Amino acid sequence: MATWEITIICRDGSRLRFSELRGNVPKKGEIIETADAGKIIKARIDVYREERQAGGRPPFFQVTATEL
C-alpha cells in the first residue's frame, strides 16, 4: 500500500486536494477517478514525486493531475 496525496487541477481553475491509500505506484499519464460532491471526476496524472518515509512506513507520493 502507498499513500497518494493528490491535487487535481479542475477545468474551472480550482484545485481539489485529497489523500488516498492505493495498492500501486502512480504512473505518468494514468487516468484516476474520484467522487466529489456527488459527481465523478476523471483526471490524468501529469507529475508525481515520491517522498521517502523513515521507519519502514509505506511509500508516500505527491501527485498532480489535470481534470479531463
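Look above for the structure.
What counts as what
Residues numbered from 1 in each chain as written. Predicted model: local features only at pLDDT ≥ 70, side-chain atom pairs only at ≥ 80, totals over all residues. Heavy atoms only, no water. Pairing = 2+ DSSP bridges. Helix = DSSP H or I, 4+ residues; strand = E, 2+ residues; numbered from the N terminus. Core = buried A, V, L, I, M, F, W, Y, C linked by side-chain atoms within 4.5 Å. Buried < 20%, exposed > 50% of the residue type's maximum accessible area, 1.4 Å probe, protein only. Contact = heavy atoms within 4.5 Å. Phe/Tyr/Trp six-rings, centres within 6.5 Å; stacked < 30°, edge-to-face > 60°. Lys NZ or Arg CZ within 6 Å of the ring centre and 35° of its normal.

Draft legend 1. Summary view of the pairing of strand S3 (residues 31-36). Here S3 pairs with strand S4 (residues 39-51) via 6 bridges, running antiparallel. Across the sheet, the residue bridging to Asp36 is Lys39, located in S4. If you look at the hairpin formed by S3 and S4, you'll find 2 residues sitting between the two strands, and Ala37 has a positive phi there, around 55°.

Draft legend 2. The nonpolar core, seen in detail. With 14 residues, the main nonpolar core has Trp4, Ile6, Ile8, Leu16, Ile32 and Val63 as its most contacted residues. Mapped onto this core, the elements with two or more residues apiece are strand S1 (2-9), strand S2 (15-22), S4 and strand S5 (60-67). Apart from residues lying up to four places away in sequence, Ile6 is in contact with Leu16, Arg17, Phe18, Glu20, Ile32 and Val63.

Draft legend 3. Here's a closer look at the packing of aromatic side chains. Enumeration over the complete set of coordinates arrives at 1 aromatic pair. Ring geometry for Tyr48 against Phe61: centres 6.1 Å apart, planes inclined by 70°, an arrangement best described as edge-to-face. Taken together, the residues span a long stretch of sequence, with Tyr48 in strand S4 and Phe61 in strand S5 at a distance of 13 residues. Judged by relative accessible area, Phe61 falls into the buried class, the value being 2%. In this structure, Arg22 is placed above the aromatic ring of Trp4, and the distance from its NZ or CZ to the ring centre is 4.6 Å.

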